[in-house]
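Listed here are the chains, written in short residue letters.
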Amino acid sequence: MREARARSAPDESSGRVTVVVVTRNRLPDLRRPLPEHEGPVILVDNGSTDGTPDRVRRYRPEVDVVELGENRGVTARDVGVRRARTPYVAFAADDSWWEPGALGEAARLLDAHPRLAVLAARVLAGADGDPDPLCESMAASPLGTATDLPGPSVLGFLACGAVMRRSAYVLSGGFDERLPCTAEEKLALDLATAGWGLAYVDRVVAHRRPRAVRDVPERRVREGRERILTAFMRRPWPVVARTLVAGVRDRGVGPRAVAGALPELPRALARRRTLPERVERARLLLDHPGTGTGDAGTKAEAAEVRDTPAPRPLSHDPGETRDERVSVVMITHQRCAEADVALQRLRALPERPRIVVVDNGSTDGTGQMVRTRHPDAVLLRPGANLGAVGRNLGVAVSGTPYVAFCDDDTWYEPGALSAAADLLDAHPTLAVVTARILVEPGGRLDAICEEMARSPLPRPPGLPGHPLLSFLAGVSVVRRSAFEQVGGFHERIWLGGEEELLASDLARAGWHLAYVPEIAAHHRASELRDLHLRRRHGIRNTLWFTWLRRPPFSALRRTGRFLARLPRDRVTALGIGEAVRGLPWVLSERRAVPRDVEAGYRLLDDMQLGTGTRDYSS
């Protein structure tokens, strides 16, 4: 492998961009581009059998080589991105390289434009350096140029010519392994949905010397298959139908593309999340430039997708050393083995959060397990089962501006905590960020997430996600100052819907709560729980909250509708009995919410009482 040609010293800004190169059995192709990259380089080897990793280590020792041992396709880039320690990453193929100074310029532009997630560069291909045709299309994008972006807005890019904000990439989930040929499109749509900007910048340049394309028909089959899958995952049903019809009509490769997509459709449908109208209209404008879709309404929507404020101008790199902004508070009771697993997962997070464990009176050795197996965790042992109030103790000793709550059967995705902290940094009136919940085993989306995503509450200008008037404590990150301002969890509520009263008090104090599906957590429900006790407390606490915070007419109406839904059994009777016995303290502490908050609850009542996500059977 030859040495790099002599050239001027690299731009210092380029050191803030890591180049991620993915390769497989292409050692000869790497000889030209690898020495050209400025800044740190990570080479991810997709199971090469031609000795690539050893040769690169020998002749380019400054390159960080990651051997996967298998071919993971486009998702190998995810490995490189998570390994990077810079705020920005640039992708390169094993036959492409970045022009000197390009990465430094890209870093400066990303610094100057906090909503920018993807900078799509001009890619010059072949020995003659002709611009890639896609670059010409991006330069003439009908979406125009937003005031807070450095170039024309786009909804796609060439991976080998893209510089990305690392935290935005991690938060979006990266490339989809089902789409090896067209993964950029779905990633771009997901970023735009989350409010990020993507822009083409002509003066940032990458070069590529691709091999002659072999088996063009086969590639067209794969691309057709992936277009169908992307449509099923993100596009409205009329577009899905048109995509299928177009596939069938393409006599050359279409039927094979449709046949190849069919076995994948169940998994695609499981991940279906249609685009917001503003993004879908912009996508249609790009699909049909200069046609009737470019009417005044569509162009207005395109302007909206350009100018949507970023829900999170992320600045922290979740792969760096400990994120000092966020700690984790976990409560547990009599679940030693599950708590041990949960702590192992927390300690493996790239944020390396400070962990506070509140052992709510366990007698199964939980405290000893924490001390011996997780000595770096702070252990609090109040000596009794305080329920949710145990979280109040953990928050008090956390010492960080933000606190992630975690149960002993929930855990967060890598990068989720830093992403939530970035949102809280960027939005000073945001008190709670609730994550998307994936139910394990299987990673199924929890039905409550679909309900939160349909929230009828008006979204405050500039805030991320979907507005809420309650949250799920085991998968939420809170602003410590807001939590302490309203007094934390109420000691009488204990557990079971304890979040509703706290959320109401936060809303009264002017704080906002949001469900942000781009942030993910997992839940594997413990088998060690008393379902009857849980239901009893849920009934009691729902009634207490209604009587504590809702105005008289709304409280009466909600109580009647709620009781009508309950099964007629002993557990229901016990729950109602406990609620009635608590009336003296409830009336003494009653404080109805202001009109604006009550208006939100009225919007939510019909949806919540009419859904199956709140099941009061056991």
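By convention here, each chain's residues receive numbers from 1 onward along its written sequence. Since the coordinates come from a predicted model, pLDDT governs what is reported: local features require at least 70, and pairs of side-chain atoms require 80 or more to be given and counted, while whole-chain, interface and lining totals use all residues. Remark: hydrogens and water are excluded; side-chain values derive from all non-hydrogen atoms of the structure.

### Focus on unusual backbone geometry
Inference 1: A cis amide bond links glutamate 440 with the next residue in sequence, proline 441, at an omega value of 0°.
Inference 2: Although it is not a glycine, arginine 352 adopts a positive phi angle of roughly 45°.
Inference 3: Along the chain, arginine 352 falls in the loop between α14 (336–347) and β11 (354–359). Helix and strand labels come from DSSP, where a helix needs a run of H or I of at least four residues and a strand needs a run of E of at least two; each type is numbered from the N terminus.

### Quick look at the pairing of strand β1 (residues 17–23)
On a regular strand, one side chain projects to one face of the sheet and the next to the other, so that they alternate.
Inference 1: For every residue, the accessible area (1.4 Å probe, protein chains only) is compared with the maximum for its type, and the residue is labelled buried under 20%, exposed over 50%, or partly exposed between those bounds. Among the seven residues of β1, seven are classified as buried, and the element is accordingly described as predominantly covered.
Inference 2: The alternating pattern of β1 places Val17, Val19, Val21 and Thr23 on one face and Thr18, Val20 and Val22 on the opposite face, and all of these are buried.
Inference 3: Taken together, the five bridges between β1 and strand β4 (residues 88–92) define a ladder with parallel strand orientation. Among the inter-strand pairings, threonine 18 is bridged to a residue of β4, identified as valine 89.
Inference 4: In short, DSSP must find at least two bridges between two strands for them to pair. Looking at chain direction, β1 and strand β2 (residues 41–45) are connected through five bridges and run parallel. From the neighbouring strand, valine 20 faces β2, where its bridge partner is isoleucine 42.

### A closer look at the side chain of asparagine 46
Inference 1: Summarising the element assignment, asparagine 46 is placed in the loop between β2 and α2 (52–59).
Inference 2: Pairs of N or O atoms within 3.5 Å make up the polar contacts considered here, provided that, within protein, one atom can donate a hydrogen while the other can accept it, and that residues adjacent in sequence are counted only when both atoms are side-chain atoms. Polar contacts involving the side chain of asparagine 46 include one to the main-chain carbonyl oxygen of glycine 73, which spans 3.3 Å.

### A word on the packing of aromatic side chains
Inference 1: Two rings from Phe, Tyr or Trp (for Trp, the six-membered ring) form a pair when their centres sit within 6.5 Å of each other. Planes less than 30 degrees apart are called stacked, planes more than 60 degrees apart edge-to-face, and all others tilted. Considering all chains together, one arrives at nine aromatic pairs under this definition.
Inference 2: Geometrically, the ring pair formed by phenylalanine 232 and tryptophan 237 is edge-to-face, given 5.9 Å between the ring centres and 75° between the ring planes.
Inference 3: Looking at phenylalanine 232, the relative accessible area reads 8%, which means it is buried.
Inference 4: An aromatic cluster of three or more residues is present, and its members are Phe91, Tyr169 and Phe175.
Inference 5: Charges are assigned to positions over rings by a cutoff of 6 Å between ring centre and Lys NZ or Arg CZ, combined with an angular limit of 35 degrees from the ring normal. Directly above the aromatic system of phenylalanine 489 lies the positively charged group of arginine 391, at a separation of 5.2 Å from the ring centroid.

### Thoughts on the pairing of β2
Inference 1: Across the five residues that make up β2, a large majority, five, are buried.
Inference 2: Side chains of β2 alternate between two faces, with Val41, Leu43 and Asp45 and Ile42 and Val44 buried alike.
Inference 3: When β2 meets strand β3 (residues 64–67), the two strands line up parallel, connected through four bridges. What sits directly across from leucine 43, in β3, is valine 65.
Inference 4: Handedness of the β2-α2-β3 crossover: right-handed. Orienting the strands away from the viewer, one traces the path from the first strand over the helix to the second; a clockwise path indicates a right-handed crossover.

### Details of the nonpolar core
Generally speaking, soluble globular proteins have nonpolar side chains that are buried together.
Inference 1: Ranked by size, the top nonpolar core spans 63 residues in total, and within it Val477, Leu506 and Ile519 carry the most contacts.
Inference 2: Top element by residues in this core is helix α17 (residues 416–426). It accounts for seven residues.
Inference 3: Counting residues in each nonpolar core, the second largest holds 56 residues, with Ile42, Ala76, Ala231 and Ala282 among its members. We define the nonpolar core as a collection of buried residues of types Ala, Val, Leu, Ile, Met, Phe, Trp, Tyr and Cys that are connected through side-chain atoms lying within 4.5 Å of one another.

### Regarding the environment of arginine 480
Inference 1: On the secondary structure map, arginine 480 appears in helix α19 (residues 480–485).
Inference 2: Linking arginine 480 and alanine 396, residues 84 residues apart in sequence, is a C-alpha distance of 8.7 Å.
Inference 3: Setting aside chain neighbours within four positions, we find arginine 480 in contact with Val395, Ala396, Ser398, Gly399, Thr400, Pro401, Tyr402 and Val403. Any two residues having at least one pair of non-hydrogen atoms within 4.5 Å are treated as being in contact.

### Some thoughts on the confidence of the model for the protein chain
Inference 1: pLDDT measures the predictor's confidence residue by residue and takes values from 0 up to 100. Here the protein chain averages 87 in pLDDT, while 90% of its residues score no lower than 70.
Inference 2: Overall, residues 1–9 carries pLDDT values under 50, and its contacts beyond four positions in sequence, including any with other chains, amount to 23 contacts.

### Side note on helix α7 (residues 183–193)
Inference 1: Of all the 11 residues making up α7, nine are buried; the element is thus mostly covered by neighbouring parts of the structure.
Inference 2: Where α7 is concerned, the buried positions are Ala183, Glu184, Lys186, Leu187, Ala188, Leu189, Asp190, Leu191 and Ala192.
Inference 3: In the stretch just after α7, glycine 195 is the one whose phi turns positive, near 100°.

### As for the side chain of threonine 400
Inference 1: Residue position: threonine 400 is located in the loop between α16 (389–398) and β13 (402–407).
Inference 2: Given the relative accessible area of 7%, threonine 400 is considered buried.
Inference 3: Reaching out from threonine 400, the side chain makes a polar contact with the side chain of serine 327 at a distance of 2.7 Å.
Inference 4: Those residues in contact with threonine 400 that lie beyond four places of it in its chain are Glu324, Arg325, Val326, Ser327 and Arg480.

### Concerning the pattern of salt bridges
Inference 1: Between Lys or Arg on one side and Asp or Glu on the other, a salt bridge is scored when a side-chain nitrogen of the former is within 4 Å of a carboxyl oxygen of the latter. Scanning all chains against the criterion turns up 51 salt bridges.
Inference 2: Taken together, the salt bridges that share partners define one network made up of Asp176, Glu177, Arg178, Lys186, Asp190, Arg234, Glu264, Arg271 and Arg273.

### Regarding the packing of helix α20 (residues 499–508) against helix α21 (residues 531–549)
Inference 1: Helix axes use the C-alpha atoms of the stretch in contact, all axes being lines fitted to C-alpha atoms, and the angles between their N-to-C directions lie in the range 0 to 180 degrees. Running from N to C, α20 and α21 point in directions that differ by 25°, and their axes come no closer than 10 Å. Here α20 lies roughly parallel to α21, going by the angle between them. Mapping the contact onto sequence places Glu500, Leu501, Ser504, Asp505 and Arg508 in α20 and Phe545, Leu548 and Arg549 in α21.
Inference 2: Any residue that is not Ala, Val, Leu, Ile, Met, Phe, Trp, Tyr, Cys, Pro, Asp, Glu, Lys or Arg is counted as polar, Gly included; the first ten are nonpolar and the last four charged. Across the contact of α20 with α21, the residue classes tally to three nonpolar, one polar and four charged. Angle categories: roughly parallel below 35 degrees, roughly antiparallel above 145, roughly perpendicular from 65 to 115, and oblique for all the rest.

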